Structures are given as structure tokens and as C-alpha cells.
Amino acid sequence: MSEEFVNPPAEVARRYRELGYWTDETLGTWPSGTPGRATRTALTGPDGDMTFAELDLAADRMAAGLRARGLRAGEHVVVQLPNTPDFVALSLALFRLGARPVFALPAHREAEITHLVDTAEAVLYVCPPESLDPEYGRLAKEVAARCPSLREVLVAGASASFAALGEADADPVELPAPDPFDVALFLLSGGTTGRPKLIPRTHADYTYQLRESARLCGFGPDSRYLAVLPAAHNFALACPGVLGTLRLGGTAVLAPAPTPEVCFPLIERTRATATSLVPPLLRLWLDAADWNDSDLSSLGLLQVGGAKLDAATARQVPAALGCTLQQVYGMAEGLLNYTRLDDPRDVVFRTQGRPLSPADEVLVLREDGTPAGPGEPGELLTRGPYTLRGYYRAPEHNRVRFTEDGYYLTGDLVTRSAAGNLEVVGRVNDVVNRGGEKVPALELEEHLAADPRVAAAAVVALPDELWGECTCACVVPADAGDPPRLREVQAALRARGLAAYKLPDHLVVFSELPLTAVGKVDKKALREQVLAR
Ligand code: OOB
């Protein structure tokens, strides 16, 4: 591997191999070996069904076609596709070729895509068709014109300007197996500030993640995983997600949209057994469960993660949706925490779980760098067999986000219980500094969400002459016709026993909060909207 990748020390890599965490298995080999592949359904959804044999052949033909167009092992491809069979076949084709997908999200636009192509020096950009959104046509032209490293743009559908992905196929050719310890793909950092960073993941580390996640979540050949979030995001891709399901011979159900109107009938039709959501989507699903007449009884497991799930919402899941809840606190950088399927209810409702691997090393450190005690908040640092040692081509960033002995500084504030369960209590920098008194945004958000007049809430800092910063509560009212007023909200928070300095100084009512590409509340956009008012 080149100098651009930061690798763990050789003795650590050796230990991960000796302990069986890292094996020689590479991503994308398994559809060929799936028992009953001629008839077993690998993919289903509105775009039709595909057996394992068909998916295997589609991936082989795509790999051969891309090779014939000049694509080689070690080259980078920005892949921006919705949850479609093309997404899966192309990913497998690239894994087999040893070319590396950079997984962009369907919601990304010029700013993100050009940044990704340039940083990765990608030679190919595969984008969705205009028929899905006319903006994609403009985006493809813009990216092609602005990014000198690109040799080609392929569109997954009809396009007047570019070749179609479907044309890039050829009779399968013999390909050398990729090195299991080489980078297989790039995920994007989920930061809501700054530009996304590229996270290199190897065949060995990603295979370990999805294999162990599938085991922990009880997945097997009869699992049918519904991909509601973008499959390009780590959560829906490999926790155990689409890849973890397919690897075991299960079926991936590809949802074209995350709404209950689309997903509930899809669950009934495909008898989906598991899915994953971010909290804002879960709230939509819970509301919809009231009027739902689809049969959701096949759904056994609902994973929720990506942002903090409040305990009150968590508690509604089993009765409203008839399934087991699992909280997942993860990051594209690596470390995954899960509540276990047999954990006591309180652990499942109130914590974000504990690390996937016995080899995950987790530190919770106070501001002065000393270890926090049980229940005491601190920043989470981690290293382990599937956590990155450095972002791709980001030496300056890496100097501040990693310790000398290879721990990744997550920027998440957590508490850890005596039993080892983590609770996310905030972000290191998501604090309103109100004249020196610190108001952790997440803490106030959780109190606001407990108010029955509030459907959703997010807290941002605003500039203030007196305090330096002051606290602004952005609130979606439960009853749009009767939004709560600042004084009422302050009184309710005071009644909950909150310190006076933590009460919001301003309240702005929204009909909905802006969301990031995977559906988390976008604080940066929110703050801009508040300032623009
Ligand atoms: C997932 O990955 P990313 O990379 O989009 O975002 C990671 C960040 C974490 O550092 C944390 O700040 C936040 O998102 N987060 C949570 C959380 N899960 C993620 N905060 C509170 N509670 C949770 N359950 O978001 C991701 C990747 C794989 C699986 C699940 C989520």
C-alpha cells in the first residue's frame, strides 16, 4: 500500500490476523459461492428481483466492461447511486477489479462531488440518471468539466451526454484476486461541518465488520434486510446491512425512498425481517404506524442510530412497530457500538450499546486527558481492527484527530456505565458558550424533546453582544396551529429542574428541520437559516 494510507504497526496487524479478525477473504467474492444461487433471491425492490447467479454475472460483466474501458486495480471511482441493483452490482464489480469506489450519497451536489473526485483523483464518476432528478444531468456535466482527473462519466440510465453504465459490460474475464489488506473502498466522514474526508477501508477490516455485525444481529440466509437509508452509507451498507446480508445468502430489499408510504407496503410484500433508521425517520415511521394498514409482522429487528435517540421515543418502538429495537452508535471511521438483542429493556432504551469487537479499545477522557470514571462524561477515543489510522491525504487533519499511538479522537462526548454501555451526551464542540457558561446542545435538545408541544428540536449558538454566544432553540411544534412560545418553553424547562443559564434565549419555529444527506439534523444549515431570518 502506498504512503498515502496510514497502516497499523506490523505487530498489530499480525495480531489481528493471528486472532482471526483479519482473514484472506475479499469483498465481492461471496455471491459466487452462495448455495442455491440459481434460484435464491439476492436483490428485490421496485426494480425487480435478481438471483445470486444473476447478480454474480452482472458484477462479472461490469468488471470486464470497465476493465475494457481502461479501469485498473488501485484506481478510484466516485459512485453516486441510489438504492438500486446497479449500486450493488457496480460495488461488487469494483471490489473484484480492485478498483476503489468512493461512496458519495445521492443528495450530494457539485461542491461535494468535485471535492471527492479531486481528492481521490478519481478517473471515473458514476451518477444517477436525469430521469430521477433533472439536477443530476447538470451535475454530471459540471463535474466532467471541472475535474481534470476524470477519464469518463457513466450514467446509470439514459443520458444524452454520457455513456450508460449498462453499456459498460463485456464477457467475463479472469481477474487476479485483490490483496485482502489493500484498500477496498472509501467511506465519507459524516461531519456536518467542513468537507467530507475520505476514509480508507480494507477488504479485511470491512469484511470483519460486516461478518461480526451479522453474527451479533442474528442474521442468516433467511434474513431480508430492507435498505431504507442510502446503501452508500456505512449503516445500511455493512452494519450488517446490504453486504452483510448478501454475504450470508440473505436478501437485500432496496427501498427507493425512506417514507412509510413507500416502505410499509414494501415490508409487507417482501416480508423484510430487519431495517435501520436515523431518529428523525423513526419519528415519521412511528406517526405513520397509527394509520398504517400494511402487515409489518415480518419485521423482527429495527436498528436506530446515526444520531441520539431519546429514551421516550425508543420505548414506543416495540408496541408501535412490533419489533425488537437495537441502538447502533457507529461511525464511518470504524468503531461500532450495538445494544445486544438480549439486553435488558433499560439498556436498549437508554444507551447506545457497547463495542462490537473484543479488540475494540475505547478510552473516555476528561478534558485534561485523564480517564473519566463510570458515568462521567468525556471524549471517546478508539482504535481497533476495523477503525482507521488516518484519513486519506489529510496529514494536517490527521495530526489533530489521532494520538501518537493511533487512537482516533471521535469528538463525541460519552459516558460509560460500569457494565461498559455507552451513552452519547454531546459533541465536544457542540456547546453554546454563554459568557463562559457551557450549554451542551444535546442536553438541552433532550429536555426540549420531552415537552409534549415539541415534535422535534435542535439547539444552535447565535452571536450575542452581551454573552458572546446565546442559545437558540429551533423547534418543530407538535401542533402547527398552536406553536409554543419562548416563555412557555422556558417555564417548562425550569419546571424540569434545568439551570437558568441553560434556558434558551431565543425560540424559532420551523415546519421542518434541515437534514443532512443521510437524514440527520443539519446544524450548519439550520444556523444559517436562523441567521437569515
Ligand atoms: C453513522 O456514521 P457517520 O460517520 O455518518 O456519523 C458518525 C457520528 C458519530 O461520531 C456520532 O457523532 C454520531 O454520528 N452518531 C450518534 C449515533 N450514531 C452515530 N450519536 C448518538 N447516538 C447514536 N446512536 O452515523 C453510523 C455509522 C454506522 C452505524 C450507525 C451510524
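Residues numbered from 1 in each chain as written. Predicted model: local features only at pLDDT ≥ 70, side-chain atom pairs only at ≥ 80, totals over all residues. Heavy atoms only, no water.

Asker: Describe the overall build of the protein chain, naming the residues involved and giving the relevant values.
Answerer: In terms of regular secondary structure, the protein chain is built from 16 helices and 25 strands. Here the C-alpha atoms of the protein chain give a radius of gyration of 23 Å, agreeing with the 24 Å that 2.2 N^0.38 yields for 533 residues. Burial status across the protein chain gives 56% buried among its 533 residues. Excluding contacts between residues fewer than 6 apart, the proportion of contacts in the protein chain whose partners are at least 24 apart in sequence is 67%. Carbon and sulfur atoms make up 51% of the accessible area of the protein chain, which totals about 22,100 Å². (Helix = DSSP H or I, 4+ residues; strand = E, 2+ residues; numbered from the N terminus. Rg over C-alpha atoms; globule rule 2.2 N^0.38 Å. Buried < 20%, exposed > 50% of the residue type's maximum accessible area, 1.4 Å probe, protein only. Contact = heavy atoms within 4.5 Å. Areas by Shrake-Rupley, 256 points an atom, 1.4 Å probe, with all protein chains shown as cover.)

Asker: Describe in detail the sheet that holds strand E19 (residues 408-416), supporting the description with residues and values.
Answerer: The antiparallel open sheet is built from 4 strands, whose spatial order is E17-E18-E19-E20. For this open sheet the edge positions go to strand E17 (361-365) and strand E20 (422-427), each flanked by a neighbour on one side alone. Taken over all neighbouring pairs, the strand axes of this sheet differ in orientation by 45 degrees on average, direction set aside. Both E17 and strand E18 (residues 378-383) contribute to a ladder of 5 bridges, which runs antiparallel. Paired with Leu363 across the bridge in E18 is Leu381. (Pairing = 2+ DSSP bridges. Axes fitted to C-alpha atoms, helices over the stretch in contact; angles between N-to-C directions.)

Asker: Can you explain the pattern of salt bridges? Please cite residues and give values.
Answerer: Counted under the stated rule, the structure contains 37 salt bridges. Across the salt bridge formed by Glu110 and Arg138, the nearest N and O atoms sit 2.9 Å from each other. Here Glu110, found in helix H4 (residues 110-120), pairs with Arg138, found in helix H5 (residues 134-146); they are 28 residues apart in sequence, far enough to count as distant. Overall, Glu110 belongs to the buried group, its relative accessible area being 15%. A relative accessible area of 44% places Arg138 in the partly exposed class. (Salt bridge = Lys/Arg side-chain N within 4 Å of Asp/Glu carboxyl O.)

Asker: Tell me about unusual backbone geometry, and name the residues and values.
Answerer: A cis amide bond links Cys239 with the next residue in sequence, Pro240, at an omega value of -5 degrees. Take Pro240: it is sitting in the loop between helix H7 (234-238) and helix H8 (241-247). We note that Glu121 has phi near 50 degrees; this positive angle belongs to a residue other than glycine. Tracing the backbone through its elements, the reader meets Glu121 in the loop between H4 and strand E5 (124-127). The backbone of Arg393 shows a phi angle near 50 degrees, a positive value even though the residue is not glycine. Along the chain, Arg393 turns up in the loop between E18 and helix H13 (395-401).

Asker: Lay out the packing of aromatic side chains with the relevant residues and their values.
Answerer: According to the stated counting rule, one finds 14 aromatic pairs in the structure shown. Between Phe87 and Phe103, the ring centres sit 5.4 Å apart and the planes meet at 40 degrees, which makes this aromatic pair tilted. Separated by 16 residues along the polypeptide, Phe87 in helix H3 (residues 85-97) and Phe103 in strand E4 (residues 100-103) bring together distant segments of the chain. Phe87 sits in the buried class, given a relative accessible area of 2%. Measuring from centroid to centroid gives 6.1 Å for Tyr391 and Phe402, while their planes differ by 70 degrees, and the two rings are edge-to-face. Of the two residues, Tyr391 is situated in the loop between E18 and H13 and Phe402 in the loop between H13 and E19; the sequence distance between them amounts to 11 residues. (Phe/Tyr/Trp six-rings, centres within 6.5 Å; stacked < 30°, edge-to-face > 60°.)

Asker: Account for the domain arrangement of the protein chain, with residues named and values stated.
Answerer: Domain annotation for the protein chain reports domain 1 (1-8 + 359-429), domain 2 (22-208) and domain 3 (431-532). Inter-centroid distance (C-alpha atoms) of domain 1 to domain 3 is 28 Å. (Domains from an automatic or database assignment.)

Asker: Tell me about the site of the ligand, and please be specific about residues and values.
Answerer: With respect to spatial proximity, 20 residues lie near the ligand, and among them His233, Val328, Ala332, Asp412 and Lys520 are the closest. Separating a nitrogen atom of the ligand from a backbone N or O atom of Gly306 is a distance of 3.0 Å. Lys520 is positioned with one of its side-chain polar atoms (N or O) 2.7 Å from an oxygen atom of the ligand. For the ligand, whose accessible area on its own is 600 Å², the fraction buried by protein is 92%. When residues of the shell around the ligand are traced back to their parent elements, those giving at least two are H7, strand E14 (324-331) and E20. (Near = heavy atom within 4 Å. Polar contact = N/O pair within 3.5 Å; in protein donor to acceptor, adjacent residues only side chain to side chain.)

Asker: Break down the nonpolar core for me, with residues and values.
Answerer: Formed by 121 residues in total, the largest nonpolar core has its most connected members in Leu226 and Leu246. Examining the composition of this core, we find that 9 residues originate from one element, H3, more than from any other. Both of domain 1 (1-8 + 359-429) and domain 2 (22-208) provide at least three residues apiece to this core. Those residues in contact with Leu226 that sit more than four places away from it in its chain are Val253, Ala255, Cys263, Leu266, Ile267, Ala272, Ala274, Thr275, Ser276 and Trp285. (Core = buried A, V, L, I, M, F, W, Y, C linked by side-chain atoms within 4.5 Å.)

Asker: Tell me about the pairing of strand E22 (residues 437-440), and name the residues and values.
Answerer: Pairing geometry for strand E21 (residues 431-434) and E22, over 4 bridges, is antiparallel. Bridging from a neighbouring strand, Asn433 pairs with Lys438 of E22. Hairpin connection, E21 to E22: the antiparallel pair is bridged by 2 residues, and Gly435 has positive phi, about 60 degrees.

Asker: Just give me the short version of the side chain of Ser213, but keep the residues and values in it.
Answerer: Mapping Ser213 onto the fold places it in helix H6 (residues 203-216). You can call Ser213 buried: its relative accessible area is 0%. Reaching out from Ser213, the side chain makes a polar contact with the backbone oxygen of Gln209 at a distance of 2.7 Å. Setting aside chain neighbours within four positions, we find Ser213 in contact with Ala238, Cys239, Pro240, Leu336, Tyr338 and Leu356.

Asker: Describe helix H15 (residues 486-495), naming the residues involved and giving the relevant values.
Answerer: Structural remark: α-helix, 3.6 residues per turn; residues separated by three or four positions point the same way. Along H15, the residues that are buried comprise Val489, Gln490 and Leu493. What you see down the axis of H15 is that its buried residues fit within an arc of 100 degrees, all on one side. Among the exposed residues of H15, those oriented more than 90 degrees off its buried face are Arg487 and Ala495. In the core, the buried residues of H15 are packed alongside helix H14 (441-449) and strand E25 (506-509). Backbone geometry just downstream of H15 places Gly497 in the positive-phi region, at approximately 90 degrees. (Arc of directions from axis to C-beta.)

Asker: Which residues make up the pairing of strand E9 (residues 198-202), and what values do they have?
Answerer: Taken across its 5 residues, E9 has 5 buried, putting it largely inside the fold. Covered by surrounding structure in E9 are Leu198, Pro200 and Thr202 together with Ile199 and Arg201, the residues of both alternating faces. One ladder, built from 5 bridges, connects strand E8 (residues 183-188) with E9; its direction is antiparallel. Looking at E9, one finds that Leu187 is bridged to Ile199.

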